[in-house]
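Topology and contacts: notes
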Amino acid sequence: MDWQALEVSLKLALVTSLSLLPIGLILAYSLARGKFRGKYLAEALITLPLVLPPTVLGYFLLVGMDSNSAAGKLFYSITGDNLAFSFSGLWFASIIYSLPFAVQPMLRALENIAPELREAAWCSGLSRWKTFIKIELPLAWSGILTGLILSFCHTLGEFGVVLMIGGNIAGETRTLSIAIYDSVLAFDQQQAMQMSLILLAIAVITVTAIYRFNHRLLRV
Amino acid sequence: MLDVTIKQQQPIPLEVQLQCAAGEMLALVGPSGSGKTTVLRCIAGLHKPHQGLIRSQTTWFDSNHELNYSPQQRRVGMVFQNYALFPHLTVMQNILLAMQKPQEHAVKALLEQVHLSGLESRYPSQLSGGQQQRVALARALARDPEVLLLDEPFSAVDKVTRRKLYLELHALRRQLSMPIILVTHDLDEAAMLADQMCVIHQGKTLQQGTVEDVLNRPQSLNVARLTDARNVFEGQIVQVEGQKKLQWCEQLLEIADTDFAVGSNVYWIIAPSKILLHQRRRPSRGEQENPVQAIIDDMITLRGITTVLMKVTGHNPLLIQMDIPEHVVERNQLQRGEHIGLSLLQSAIHLIEQ
């Protein structure tokens, strides 16, 4: 059992999903409420990682993070480190990769709020910010939580993108799914089974939690 | 006093002018899609018209000075068509949210005013339609509004509840001192509750006046049709013995003094409730005024009022309608096919330009 890989996986999933909470909310809110040109293109781009093969996404991210690329150079000038094959690079890639899993449920939840409710709040004297905090956020809460948990699970299970840009550095970029792949290649069935069961258990628990939570919210 | 002038071409054309004095209720009536709700949204600041002036105690919108207050700055109380109560908040929290100085005892006083005491801790989904409407009304009043706007507030409740809510609103009105605008497509509702009526059609306000005035003295055929005027006929102004009279088929009707020139063709209307039935056994007052003989074609009774459809004797093919209390029908033993005498009182005849 590769405990270090489990730790990397959990850490990556946690920081990715927590970063996606504000990023996803801002994107979902702009898409749900904003009126701007290219809105459909923006929504399509956010959804793209859902349909693109992870290797293709990983390849483009790898090219983009190369030490000769603008992003790579900028990151190097700030941190003195390379973006590709680092935990930070993996974190950044995971945000892109899990973006649709965070944005979509949040977007649907915000879109489901009747426009009259916001207008009623404004007519009651609530500012737009207060309307968001007191009315929209509580009403979209189940969608926001679903986005958070889904992006956590999705990051936990990512493989292709990690392989492309993270490589297989123990304690840095070797996640549990990479470790499973390694074990299978090394014919270590027992370890592969153990680690797969752990991922399966986490997936079952979190997805059940989402359904239970949403069901309870709907009953109010 | 609320003073509203709105003009715009897009997204729907609007040409609106209306006034509502403090303590008065103005019913904005018109068919679906006539722009009633958009006018209300303009007043509330939820829609910005291209041109116009909206003034309450202060000016809220003035296109000439590029002044446009947000809904938060306007202090309007709005009751939405589906009430738009916040589903995750209790009745108490819904109302507290709209108060500038949130105080629970003030909420309780408001709830008492709308007959909802004791339901403070319920959620909107646990309330009936009528109760939801009362919460929406209490929330609109919680802001101590300069203007109260009601967008079809009775359309989402059943008929029995509606009747009860009419009486409640009528009683509540006496305690309110701000201008109230009621949007509705129900003329009876408007007539029952409002002091003033404004008819709107295809985004254009056609006539504003007292309810009595708009219903009985429409300025145009369009207003007459929109307010469901039932006795609309064509006629001509003629001069007989130096007096202007109205020629209607073979009948020659006396009319009040009019500016219409002799020879001009006009529409004329008479309210079905203002036609006088000649009693069988004893003469009624006004019998000598525009007497007409007719045959009863049909009779329909609804809630104690009978609408009698009659054919005027002679070559006049048109049906004329008269509303009389059911007991009058019984006392006079009116039946289909029977001959009766009527008087079309001259004060009730209203002429409209053709």
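Overview of the structure. (Residues numbered from 1 in each chain as written. Chains lettered and ligands numbered in written order. Predicted model: local features only at pLDDT ≥ 70, side-chain atom pairs only at ≥ 80, totals over all residues. Heavy atoms only, no water.)

With that out of the way, let us pick up the interface of chain B and chain A. Opposite the 18 residues of chain B that make contact, chain A presents 16 residues. Here chain B meets chain A over a buried area of about 1500 Å², counting both sides, of which 71% is carbon and sulfur. The interface formed by chain B and chain A holds one salt bridge in total. The partner of Glu119(A) in a salt bridge is Arg41(B), with the nearest N and O atoms 2.8 Å apart. Applying the counting criterion to the chain B and chain A interface returns four residue pairs in polar contact (both at pLDDT 80 or more). Mapped onto the side of chain B that touches chain A, the elements with two or more residues apiece are helix H1 (36-44), helix H2 (71-74) and strand S7 (76-79) of chain B. Counted by class, the side of chain B that touches chain A contains 13 nonpolar, two polar and three charged residues. (Contact = heavy atoms within 4.5 Å. Buried area = accessible area lost by both parts, 1.4 Å probe. Salt bridge = Lys/Arg side-chain N within 4 Å of Asp/Glu carboxyl O. Polar contact = N/O pair within 3.5 Å; in protein donor to acceptor, adjacent residues only side chain to side chain. Helix = DSSP H or I, 4+ residues; strand = E, 2+ residues; numbered from the N terminus. Nonpolar A, V, L, I, M, F, W, Y, C, P; charged D, E, K, R; others polar.)

Another aspect to go through is the environment of Leu182(B). Residue and element names in this part refer to chain B. Relative to the elements of secondary structure, Leu182 occurs in strand S9 (residues 180-184). Along the sequence, Leu182 and Leu172 sit ten residues apart, while their C-alpha atoms lie 14 Å from each other. Discounting residues that sit within four places of it in the chain, Leu182 has contacts with Met25, Leu26, Ala27, Leu28, Leu150, Pro153, Phe154, Glu189 and Leu193.

The subject of this paragraph is a nonpolar patch on the surface. On the surface, Leu41(A), Leu45(A), Leu48(A), Leu50(A) and Val51(A) cluster together to form a nonpolar patch covering roughly 500 Å² of accessible area. The topology assignment puts Leu48(A) in helix H2 (residues 39-51). (Patch = residues over 30% accessible without salt bridge, like charges linked within 9 Å, V, L, I, M, F, W, Y side chains within 5 Å. Areas by Shrake-Rupley, 256 points an atom, 1.4 Å probe, with all protein chains shown as cover.)

Here the focus is the sheet that holds strand S14 (residues 251-254) of chain B. What links the strands of a sheet is backbone hydrogen bonding, and the strands pair in either a parallel or an antiparallel sense. Residue and element names in this part refer to chain B. Taken in spatial order, the five strands of this open sheet run S14-S13-S12-S15-S21, and their pairing is antiparallel. In this open sheet, the two strands that pair with only one neighbour each are S14 and strand S21 (350-353). Pairs of neighbouring strands in the sheet enclose a mean axial angle of 45 degrees, with direction left out of account. Taken together, the five bridges between strand S12 (residues 232-240) and strand S15 (residues 265-269) define a ladder with antiparallel strand orientation. Paired with Glu234 across the bridge in S15 is Tyr267. (Pairing = 2+ DSSP bridges. Axes fitted to C-alpha atoms, helices over the stretch in contact; angles between N-to-C directions.)

Here we take up H2(A). Residue and element names in this part refer to chain A. The terminal C-alpha atoms of H2 lie 19 Å apart, and with 13 residues this matches the ideal 18 Å at 1.5 Å per residue to within 8%. All buried positions along H2 are accounted for by Glu43, Ile46 and Pro49. As for H2, its buried residues are in contact with helix H1 (3-33), helix H3 (54-65) and helix H5 (87-111). (Expected span 1.5 Å × (residues − 1). Buried < 20%, exposed > 50% of the residue type's maximum accessible area, 1.4 Å probe, protein only.)

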